[in-house]
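The chain contents come next:
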Amino acid sequence: MQGSSVARQMTLSEILQDVGVPRKSLRSYQHEISVCSHTGDLDRAERLLNEMYEGGFTPTEFEFNGLIHACTRVGDKQRAEHYFEMMRLRGIVPDVVSYNSIINACAVSGDEEGAQQWLAQMAQNGARPNVVTYGTLCKLLARRGQVEKIENLMESVVADGHSLNEYHFASLISACSFTNPPDQKKAEQAFFNMAERGLRTTSVRRCLAKVVGHQRALLLVRRAARKYPVFRHSSSTSLSTAMPGSEAMAAPHRDPEGRACTESETFDPRMEDHEGLARDSYPWPTSPEGSGLRVQL
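**Student:** How do you make sense of the overall build of the protein when you look at a structure like this?
**Tutor:** A count of helices and strands for the protein gives 13 helices and two strands. The buried share of the protein, reckoned over its 297 residues, is 51%. Nonlocal contacts in the protein, meaning residues at least 24 apart in sequence, comprise 67% of its contacts between residues at least 6 apart.

Structure (structure tokens):
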């Protein structure tokens, strides 16, 4: 047939423009994928990623991080790992948020070995673990009553120049409730350790009660409130020396670029709190500028 040709299939973006629908901006895609990551709407996040490619946009680590986080929200570790690998195959260098998200996916599924393997990859590829990385691992270990491993991770947090927060101590105290028998002495020691650092002791009252009982937990919280002022000061000393009565101080938190900040980043809200910590302690970033550590917690 003369002059015959196969018509090119129009992309969704072209079809929408053809009927008068304005072309989405890059920021619009980023916002919608961020919303999907919060709500766990993985199917929509995948459609948006495909639309971006069809529309001529080049997704960055931000969009892929959003998809990995959405996978975590629905408990699909395999798809999370798929998008992590896809990101690398497309030449996108995973950042600390990417690794935290994939480690979190392992934590949600209870895959301790997988989480440790991704942590090792993180170090090998030059992505420096931060308090969110360690907090995710602490949460996973807490469910197994692995008190000593959590203490070692907390030492690593301090050694890396970060400050311990309520979430780390909640993990340690929670782990004490899973030992047999429950380790009341260690739980109380951890509680007063965090009180001495100026952290919010009320945030761990309920998980402390699981170890020592409700009446004693209430008594300890009141005692800590009288003895220690409630303000955040950081600690660079080891856990063993930073006990009530010591002067445990340290440098502020730093992000990979060296900016002073606190521990807010990408912790999965689906991972329930320790019966007392707010679920939004580690909010998911809602813009590319928020992809790194931010001053918040």
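The rest of the description comes next.
**Student:** Explanation requested: the packing of helix H11 (residues 184-196) against helix H12 (residues 205-212) in the structure shown.
**Tutor:** What describes two packed helices is the angle between their axes and the distance between those same axes. Running from amino to carboxyl end, H11 crosses H12 at an angle of 155 degrees, the nearest separation of the two axes being 9 Å. The angle between the axes of H11 and H12 places the two elements in the roughly antiparallel class. Taken as a pair, H11 and H12 cross one another with a handedness that is left-handed. From H11, Gln184, Ala187, Glu188 and Phe191 reach across to H12, where they touch Leu208, Val211 and Val212. By residue class, the composition of the contact of H11 with H12 is five nonpolar, one polar and one charged.

**Student:** Which parts of the structure should I look at to understand helix H3 (residues 42-54)?
**Tutor:** Over its 13 residues, H3 runs 18 Å from end to end, which matches the ideal 18 Å to within 8%, given 1.5 Å per residue. Looking only at H3, the buried set comprises Leu42, Ala45, Glu46, Leu48, Leu49, Glu51 and Met52. Just downstream of H3 lies glycine 56, where phi reads positive at about 90 degrees.

**Student:** Explain the environment of leucine 208 here, please?
**Tutor:** By secondary structure assignment, the location of leucine 208 is in helix H12. Each C-alpha atom, one on leucine 208 and one on valine 221, is 9.6 Å from the other, the two residues being 13 residues apart in sequence. When near neighbours in sequence (up to four residues on either side) are disregarded, leucine 208 contacts Ile173, Ala187, Phe191, Gly213, Ala217 and Leu220.

**Student:** Looking at this structure, I do not really get the pattern of salt bridges. What am I missing?
**Tutor:** Oppositely charged side chains can pair when the atoms bearing their charge come close. This model, assessed by the stated rule, comprises 12 salt bridges. Linking glutamate 166 and arginine 200 is a salt bridge whose minimum nitrogen-to-oxygen distance equals 3.4 Å. Of this pair, glutamate 166 sits in helix H10 (residues 166-177) while arginine 200 sits in the loop between H11 and H12, placing them 34 residues apart in sequence. The buried category is assigned to glutamate 166, whose relative accessible area is 4%. Judged by relative accessible area, arginine 200 falls into the partly exposed class, the value being 39%. In the salt-bridge network here, residues are joined through shared partners; they are Asp43, Glu46, Asp76 and Arg79.

**Student:** What should I look at first to understand the environment of cysteine 106 in this one?
**Tutor:** Relative to the elements of secondary structure, cysteine 106 occurs in helix H6 (residues 96-108). Given the relative accessible area of 0%, cysteine 106 is considered buried. Expressed as a C-alpha distance, the spacing of cysteine 106 and glutamate 81, which sit 25 residues apart in the sequence, is 9.5 Å. Not counting the four nearest positions on each side in its chain, cysteine 106 is found in contact with Lys77, Glu81, Asp111, Gly114, Ala115 and Trp118.

Reading the values: the criteria
Residues numbered from 1 in each chain as written. Predicted model: local features only at pLDDT ≥ 70, side-chain atom pairs only at ≥ 80, totals over all residues. Heavy atoms only, no water. Helix = DSSP H or I, 4+ residues; strand = E, 2+ residues; numbered from the N terminus. Buried < 20%, exposed > 50% of the residue type's maximum accessible area, 1.4 Å probe, protein only. Contact = heavy atoms within 4.5 Å. Axes fitted to C-alpha atoms, helices over the stretch in contact; angles between N-to-C directions. Parallel < 35°, antiparallel > 145°, perpendicular 65-115°, else oblique. Left-handed = near helix turned anticlockwise from the far one by under 90°. Nonpolar A, V, L, I, M, F, W, Y, C, P; charged D, E, K, R; others polar. Expected span 1.5 Å × (residues − 1). Salt bridge = Lys/Arg side-chain N within 4 Å of Asp/Glu carboxyl O.

Honestly, that's just the spatial picture; any functional story needs more than this.
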